[in-house]
Amino acid sequence: MCKTSAAADLTTGGDASTASDSGGHRADLTFIGAGPKTLGILLAIAANTDAGAGLRIHLVDPYPAGAGRIWRTEQSPHLWMNSRTEDITIFPDESCLLENPGIMGPTLHEWIHGPGRERLTQAGLGAEAAGLDSQSFASRRVQGHYLSAAFELALDRLDAQVHIHRARAAAVRRGDDDRGFVVTTSIGAEIDTDVLVSAQGHLDMHTAEQDAILADRAAASAGHDLYYQAPGYTADLDFSSIPAGAEVLTRGFGLAFLDFMVMVTEGRGGEFVDDGERLRYRPSGTEPVLWVGSSRGVSYSPKLGYSQVDVPGAPAVELRYLDRVAERTGSVGGDRRGSGQRLGESSRFIEFDAVLGPLFELELTYAHYEHVLWKRGIDAPELLERIDATAERVRSGRIGENGAEATTGAVFETIAEAARDVIRDEADLFDLDRINRPLADLRCDDLSSAEASVRDHISGQLKRSADVHHSADLAVFTALVKAYVQIRMLVRDGRVSNGDRTEFVEGSFHSLFSFVGSGPPPKRVRQILALHEAGLVRFLGPGLSIDAAAAGFTARSTAHPEAKTFTHLVDARLARQSAEKAADPVLETLRADGRLLLETAAHAKLRTDGAGRALDAHGRAQGDLFLLGPAVSGSTAEAFSRPQTGAPVFADNERIAGAILDAVAAGSDWRELLAG
């Protein structure tokens, strides 16, 4: 076997051989991509009775196995996670519904302060580890070591030969007799494999048309020295050519912006100083000035500064509507919006804007008001009953259908009116539109006034996020996460049409979830305000639009009449995942060979069956080719999750691992038959 015996404490772990750089190799199973998703599948394979006995497994990835690209241990120490250490695990636990006992292990927090401490110290991260508690946000390097240690544990539990190719997969072709695949790596190795799994995580995209126009404009800017950075993974981008003092138009106010922000401030030698009252920034003198704007014009909502233990006795938050929505639908249907998609009609699809979206909002509304009534000691059960009754009308399709009763918006207004009758504090009222687009109606006479409004909103959100008086926000957050997972499961199960998934689930719905539920650590928001005070982060406002001309990039906001032109533009965001636009040689060669089927929707994704098997161009499932990740329709893209939540990712890993092992067995039987 190509591994050492390993302690199961996730510190020294098993080992795998590094495959030769060239020549031919035989494999039963090959993974392209060896990051956290592949790690989860390997842990599921290792949990089987035979633990993959006798298998020859090859992994192809230029980045470290387990950690992968995003969580690699060799990256800037200034890049953090945006989840607390206690909220991360790569291992299933007793709350997960698994058919076989899974391989259990520590959460990130438990590992940092237990078996991982020595490893982190040896890696030079001992001081950081010592300062992390369960509520801390670790650096991505720490997470990388956790995942690398979990990979070593998987190797120790696997009764298989594991070979690692630290290279990119350059091409894939079908094997002889249309069986298996031959993978060619970027450094010349060829792997003849029975079963192939593509699990590459977020893929780089070919430049979108609008981004290409901006890039061409910058390239042709003789005499104007325009600079444009297209969307990409921030840690891999080089911003060194942005000079000190340059005013940089930055489009996007999410997590990618925060990475860019710290890389060109703290990453250039500046220092944040906490004086107790507030955070201050001490410049190095090498920083640019970032003018940031977006559709919302404000940063993502900061993570809450308290947890459930700080709200003893609060009502438990459970789904009331979305977990039962599929019970009222049929089993067959088409794939177009507006045709047979309401509940009660014979369609397998559940319409998002008429059913799922309103029920999602009602889940959050109920969680909020149940908590507020409890917190403030208000006896008004009729408010909650009204929300329940509204949900039943949505589920039965009686709202807004053929002019019957009222529109969904009018019904939500009746809930708001009922809430205002019993709740006196305006801050205790729930308005999802206001939460999602807080400055949509902002109108100011000039940029300076709009900038002050943005600053005040960000500062106010930071204060509220730390104030347990508003703990109903925690109830909303909990409902948000549960509802998001449930809708994702409906997508995975084929209950949401491609059109609705593209427009809503991966569009406006995901945007809302990211803005409210996937925001940064509070300290990051404090850093934004500190840099603003230092004059290094400026706010353009909401409703950002950009025009490109020979002289530069002109930014406008709906909040004020002033336009401002820049010579430097950075798109601080990830490109939206689309299999059709993926800059990936493996998918490109497979698609050219007719081995892949794309959806017919915008931002098309790859089609698979329920077990992750790829459909070919004729819609036929291929038993020896599996596709996982964000570019796959219905794929569970998550690799790790929150502990003690029964996260479905682990059951998915087990199910997919079972299908992969069945495919390997079928491939072995075929080879034995050929051998006579």
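This one's a predicted model, so the numbers in the text were calculated from it and none came from an experiment.

### A closer look at the overall build of the chain
No. 1: When its secondary structure is counted, the chain shows 17 helices and 19 strands.
No. 2: Taking 26 Å as the expected radius of gyration for a compact globule of 676 residues, we find that the chain reaches 26 Å, a close match to that expectation.
No. 3: On the principal axes, the C-alpha backbone points of the chain span a range of 80 × 65 × 50 Å.
No. 4: For the chain, contacts bridging at least 24 residues in sequence account for 74% of all contacts bridging at least 6.
No. 5: Averaging the coordinates of the 69 positive side-chain charges in the chain and doing the same for the 95 negative ones gives two points 2 Å apart.

### Side note on the packing of aromatic side chains
Working definition: an aromatic ring pair is given by the centre-to-centre distance plus the angle between the planes.
No. 1: Under the criterion given, the structure shown has 15 aromatic pairs.
No. 2: Aromatic pair Phe-272 and Tyr-281: ring centres 4.9 Å apart, planes at 55 degrees, arrangement tilted. We note that Phe-272, like Tyr-281, is buried.
No. 3: Three or more aromatic residues link up through ring pairs in this structure, and these residues are Phe-352, Phe-360, Tyr-484, Phe-504, Phe-509 and Phe-513.
No. 4: The positively charged end of Arg-320 is found above the aromatic ring belonging to Tyr-366, 3.9 Å away from the centroid.

### Things to note about unusual backbone geometry
No. 1: In the Ramachandran plot, Ala-51 falls in the positive-phi region, its phi being about 50 degrees despite a non-glycine side chain.
No. 2: Along the polypeptide, Ala-51 turns up in the loop between helix 1 (36–46) and strand 3 (56–60).
No. 3: Positive phi is not limited to glycine here, since Gln-644 has a value of about 60 degrees.
No. 4: In this structure, Gln-644 sits in the loop between strand 19 (621–628) and helix 17 (648–675).

### A short note on helix 14 (residues 498–517)
Structurally, the α-helix is built with 3.6 residues per turn, so residues lying three or four positions apart point the same way.
No. 1: Spanning 20 residues, helix 14 covers only 24 Å between terminal C-alpha atoms, well under the ideal 28 Å at 1.5 Å per step.
No. 2: Taken as a whole, helix 14 carries its principal kink of about 40 degrees at His-510.

### Some points on the environment of Leu-153
No. 1: With respect to the secondary-structure elements, Leu-153 resides in helix 5 (residues 140–157).
No. 2: On the accessibility criterion, Leu-153 (2% relative accessible area) is buried.
No. 3: As a C-alpha pair, Leu-153 and Ala-46 span 107 residues in sequence and 9.6 Å in three-dimensional space.

### Looking at the environment of Gly-276
No. 1: Along the chain, the position of Gly-276 falls in the loop between strand 10 (271–274) and strand 11 (279–282).
No. 2: In sequence terms Gly-276 and Asp-225 are 51 residues apart; their C-alpha atoms lie 42 Å from each other.

### Describing empty space enclosed by the protein
No. 1: As enumerated under the stated definition, the model contains five cavities of 30 Å³ or more in all.
No. 2: The space that makes up the largest cavity amounts to roughly 140 Å³.
No. 3: In terms of lining residues, the largest cavity is bounded by 15 residues, among which Leu-43, Ala-44, Pro-92, Gly-102 and Phe-650 are the most central.
No. 4: Those elements that place two or more of their residues in the lining of the largest cavity are helix 1 and helix 17.
No. 5: Grouping the constituent residues of the lining of the largest cavity by class yields nine nonpolar, five polar and one charged.
No. 6: Its volume calculated, the second largest cavity comes out at about 80 Å³.

### Remarks on the sheet that holds strand 17 (residues 568–571)
No. 1: An order of 8-17-9-12-13 is seen for the five strands of this open sheet, with the pairing classed as parallel. Looking at which strands have only one partner, the edges of the open sheet turn out to be strand 8 (227–229) and strand 13 (537–541). The mean angle between the axes of side-by-side strands here comes to 20 degrees, regardless of whether they run parallel or antiparallel.
No. 2: Pairing geometry for strand 8 and strand 17, over three bridges, is parallel. Residue pairing across strands places Gln-229 opposite Val-570, the latter belonging to strand 17.
No. 3: Contacts between helix 7 (residues 255–263) and the sheet are confined to strand 9 (247–251), strand 12 (289–293), strand 13 and strand 17, with strand 12 contributing the most and set at about 175 degrees to the helix.
No. 4: Packed onto the sheet, helix 12 (residues 447–465) meets strand 12 and strand 13 and runs at close to 105 degrees relative to strand 13.

### Some points on the packing of helix 9 (residues 381–395) against helix 10 (residues 408–422)
No. 1: At their nearest, the axes of helix 9 and helix 10 sit 10 Å apart, and the two run at 175 degrees to each other. On the basis of their axis angle, the class for helix 9 and helix 10 is roughly antiparallel. Residues Glu-382, Leu-383, Arg-386, Ile-387, Thr-390 and Arg-393 of helix 9 form the contact with helix 10, whose participating residues are Val-411, Thr-414, Ile-415, Ala-418, Ala-419 and Val-422.
No. 2: Its residues assigned to classes, the contact of helix 9 with helix 10 comprises seven nonpolar, two polar and three charged.

### Regarding the environment of Ala-530
No. 1: Tracing the backbone shows Ala-530 in helix 15 (residues 522–533).
No. 2: Distance in space between the C-alpha atoms of Ala-530 and Thr-193 is 54 Å, their sequence separation being 337 residues.
No. 3: Once residues lying within four places of it in the same chain are set aside, the contact partners of Ala-530 are Phe-272, Leu-279, Arg-280 and Tyr-281.

### Remarks on the pairing of strand 14 (residues 545–549)
No. 1: As paired elements, strand 14 and strand 15 (residues 552–556) share five bridges and run antiparallel to each other. The residue of strand 15 that forms the bridge with Ala-549 is Gly-552.
No. 2: In this structure, the hairpin formed by strand 14 and strand 15 is closed by a connection of two residues.

### Examining helix 8 (residues 352–376)
No. 1: For helix 8, which comprises 25 residues, the first-to-last C-alpha distance of 34 Å matches the rise-based estimate of 36 Å (1.5 Å per residue) to within 8%.
No. 2: Positive phi appears at Gly-377, one or two residues downstream of helix 8, with a value of about 70 degrees.

### Looking at the pattern of salt bridges
No. 1: Tallied over the entire structure, the rule returns 40 salt bridges.
No. 2: Ionic pairing is found between Asp-456 and Arg-455, a salt bridge with its closest N-O pair at 3.1 Å.
No. 3: The partly exposed category is assigned to Asp-456, whose relative accessible area is 45%.
No. 4: Among the ionic pairs, Asp-493 bridges to Arg-492, the shortest N-O distance being 3.0 Å.
No. 5: Residue classification places Asp-493 among the partly exposed positions, given a relative accessible area of 46%.

### Observations regarding the layout of surface pockets
No. 1: By volume, the second largest pocket is sized at about 720 Å³.
No. 2: Lining the second largest pocket we find 31 residues, and of these Glu-361, Asp-431, Leu-432, Asp-433 and Arg-434 sit closest to its centre.
No. 3: Per-element accounting of the lining of the second largest pocket gives the leading share, eight residues, to helix 8.

### Digging into the sheet that holds strand 16 (residues 564–566)
No. 1: Spatially, 14-15-16 is the arrangement adopted by the three strands of the open sheet, whose pairing is antiparallel. A strand with exactly one partner marks an edge of an open sheet, and here the two such strands are strand 14 and strand 16. Averaged over neighbouring strand pairs, the angle between their axes works out to 25 degrees when direction is ignored.

The rules behind each value
- Residues numbered from 1 in each chain as written.
- Predicted model: local features only at pLDDT ≥ 70, side-chain atom pairs only at ≥ 80, totals over all residues.
- Heavy atoms only, no water.
- Helix = DSSP H or I, 4+ residues; strand = E, 2+ residues; numbered from the N terminus.
- Rg over C-alpha atoms; globule rule 2.2 N^0.38 Å.
- Contact = heavy atoms within 4.5 Å.
- Lys, Arg positive; Asp, Glu negative; His and termini not counted.
- Charge placed at Lys NZ, Arg CZ, Asp CG, Glu CD.
- Phe/Tyr/Trp six-rings, centres within 6.5 Å; stacked < 30°, edge-to-face > 60°.
- Buried < 20%, exposed > 50% of the residue type's maximum accessible area, 1.4 Å probe, protein only.
- Lys NZ or Arg CZ within 6 Å of the ring centre and 35° of its normal.
- Expected span 1.5 Å × (residues − 1).
- Bend = angle between axes of the 7 residues up to and from the residue.
- 1 Å grid on protein atoms, 1.4 Å probe; cavity = no way out; pocket = protein on both sides within 12 Å on 5 of 7 lines; lining within 4 Å.
- Points joined across faces, edges and corners; volume = space filled by probe spheres on them.
- Nonpolar A, V, L, I, M, F, W, Y, C, P; charged D, E, K, R; others polar.
- Pairing = 2+ DSSP bridges.
- Axes fitted to C-alpha atoms, helices over the stretch in contact; angles between N-to-C directions.
- Parallel < 35°, antiparallel > 145°, perpendicular 65-115°, else oblique.
- Salt bridge = Lys/Arg side-chain N within 4 Å of Asp/Glu carboxyl O.

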